[in-house]
Amino acid sequence: MLNFSSESPEDPNEHSLPLVRCPAIKSISGIILNKDLLGTNTHYYHGRTIPCDDQTCPACDDGLPWRWHFYLGLWGQNSHRTCLFEMTAKAADPLKTYRKAYGTLRGCHLTAKRVNSSPNSRVIQQATQADLQKITLPAPPDVLGALSIIWNIERPSISVEGIVKDAPKLHVQQDPELAEPSFPSNRNTLPSRNPNGNVS
Ligand SMILES: [Zn+2]
């Protein structure tokens, strides 16, 4: 059957954003679009990073360690592109200090750099106020929506439950049918030996 309509179909990837981590050699910088960090426990499981569903988590069942990750929308001043930037709990410390001082992360200029050229070496982040006199920032991206696409989980099954590590904690409940996500996203991440996110 042919279907015609004057309206375009809803874009299932409307909230899609590329996931970016601090590169091994070059630094990365941009302006933060979201007011706050959003974090959750993750595992490196079957070759990719997945969120830890603390009720029915196959990675926890297998005894794998977890690591806390924060996410936020980072906007490139020159590229005018927005990415979903991932960082560990430790690397986010300067952002927590910034948020306490200014009440929001939106408009914060973030620079992230590794201490050496190893792709898993510690990340140092710097947070300063961006000069927004001549810049109109785009709207903050839907971080939960972008994560749900990356992790291939239903958007409504994620909610924010309380504050952990000084930031909103996601409660992620995976649909069992989607427990084996169909597309890879985090091939660069190596398994963490530290179960509590205290190493970048
Ligand atoms: Zn788990």
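Every value quoted in this text rests on a predicted model; they were computed, and no experiment measured them.

**Some remarks on the overall build of the chain**
Inference 1: Secondary structure assignment for the chain yields 3 helices and 10 strands.
Inference 2: Secondary structure elements in the chain, listed N-terminal to C-terminal, are β-β-β-β-α-β-β-α-β-β-α-β-β.
Inference 3: Within the span of the chain, comprising 200 residues, buried residues form 36% of the whole.
Inference 4: When contacts within the chain are restricted to residue pairs at least 6 apart in sequence, long-range pairs at least 24 apart make up 69% of them.

**Re helix α2 (residues 93-102)**
Inference 1: Within the sequence span of α2, burial applies to Leu95, Tyr98 and Arg99. Viewed end-on, α2 has its buried residues packed into an arc of 100 degrees, placing them on one side of the element. Facing away from the buried side of α2 by over 90 degrees, the exposed positions are Thr97, Lys100 and Ala101.
Inference 2: The secondary structure elements touched by the buried residues of α2 are β7 (108-114) and β8 (123-129).
Inference 3: Backbone geometry just after α2 places Gly103 at a positive phi near 85 degrees.

**Examining the nonpolar core**
Inference 1: Counting residues in hydrophobic clusters, the biggest one holds 41 residues, and the most contacted among them are Ile32, Phe70, Tyr71 and Leu72.
Inference 2: The greatest single-element share of this core, amounting to 6 residues, is contributed by strand β5 (residues 67-75).
Inference 3: Among all residues touching Ile32, those that are not within four sequence positions of it are Leu72, Leu74, Leu105, Arg106, Cys108 and Leu110.

**What to know about the environment of Asp62**
Inference 1: With respect to the helices, strands and loops of the structure, Asp62 is situated in the loop between α1 (58-61) and β5.
Inference 2: Accessibility expressed as a C-beta count within 10 Å gives 10 for Asp62, which makes it exposed.
Inference 3: Taking the C-alpha atoms as reference, Asp62 lies 9.5 Å from Tyr45; in sequence the two are 17 residues apart.

**What about the environment of Cys57?**
Inference 1: With respect to the helices, strands and loops of the structure, Cys57 is situated in the loop between β4 (48-51) and α1.
Inference 2: Sequence separation between Cys57 and His43 is 14 residues; the distance between their C-alpha atoms is 9.6 Å.

**Observations regarding helix α3 (residues 143-150)**
Inference 1: Extensive coverage of α3 is indicated by the burial of 6 of its 8 residues.
Inference 2: Burial in α3 covers these residues: Val143, Ala146, Leu147, Ser148, Ile149 and Ile150.
Inference 3: One or two steps after α3, the chain reaches Asn152, where phi turns positive at roughly 60 degrees.

**Remarks on the pairing of β7**
Inference 1: Only one face of β7 is covered, namely the face carrying Cys108, Leu110, Ala112 and Arg114; the face carrying His109, Thr111 and Lys113 is uncovered.
Inference 2: Judged from the 4 bridges that link them, strand β2 (residues 28-32) and β7 form a sheet pairing that is antiparallel. Across the sheet, residue Ile31 finds its bridge partner in β7, namely His109.
Inference 3: Summarising the sheet, β7 and β8 pair through 7 bridges and their orientation is antiparallel. Bridging from a neighbouring strand, Ala112 pairs with Gln125 of β8.

**Thoughts on unusual backbone geometry**
Inference 1: The phi angle at His46 is positive, at roughly 50 degrees, despite the residue not being glycine.
Inference 2: Tracing the backbone through its elements, the reader meets His46 in the loop between β3 (38-45) and β4.
Inference 3: The phi torsion at His80 lies on the positive side, around 60 degrees, for a residue other than glycine.
Inference 4: Summarising the element assignment, His80 is placed in the loop between β5 and β6 (82-88).
Inference 5: Judged by the 8 C-beta atoms lying within 10 Å of it, His80 is exposed.

**Thoughts on the confidence of the model for the chain**
Inference 1: In this model, the chain carries an average pLDDT of 81, and 76% of its residues clear a pLDDT of 70 or more.
Inference 2: Counting contacts from residues 174-200, a segment whose pLDDT is below 50, to residues more than four positions away or on other chains yields 52 contacts.

What counts, and where the lines are drawn
Residue positions are counted from 1 within each chain, in the order its sequence is given. Totals for whole chains, interfaces and linings use every residue, but because this is a predicted model, local features are given only for residues with pLDDT of at least 70 and side-chain atom pairs only at 80 or more, for both listing and counting. Starting at the N terminus, helices and strands are each numbered in turn, a helix being any DSSP run of H or I of at least four residues and a strand any DSSP run of E of at least two. Once C-beta atoms are placed from the backbone, each residue is buried if 20 or more other C-beta atoms lie within 10 Å of its own, exposed if 12 or fewer, and partly exposed for counts between those two. Each residue is represented by a C-beta atom placed from its backbone, and any two residues with such atoms within 7 Å are regarded as in contact. This arc is built from the directions going out from the helix axis to the C-beta atoms. Under the definition applied here, buried Ala, Val, Leu, Ile, Met, Phe, Trp, Tyr and Cys residues are grouped into a nonpolar core through C-beta atoms within 7 Å. By the convention used here, strands pair only if DSSP detects at least 2 bridges between them. Every residue carries a pLDDT, the predictor's confidence in it, which falls somewhere between 0 and 100.

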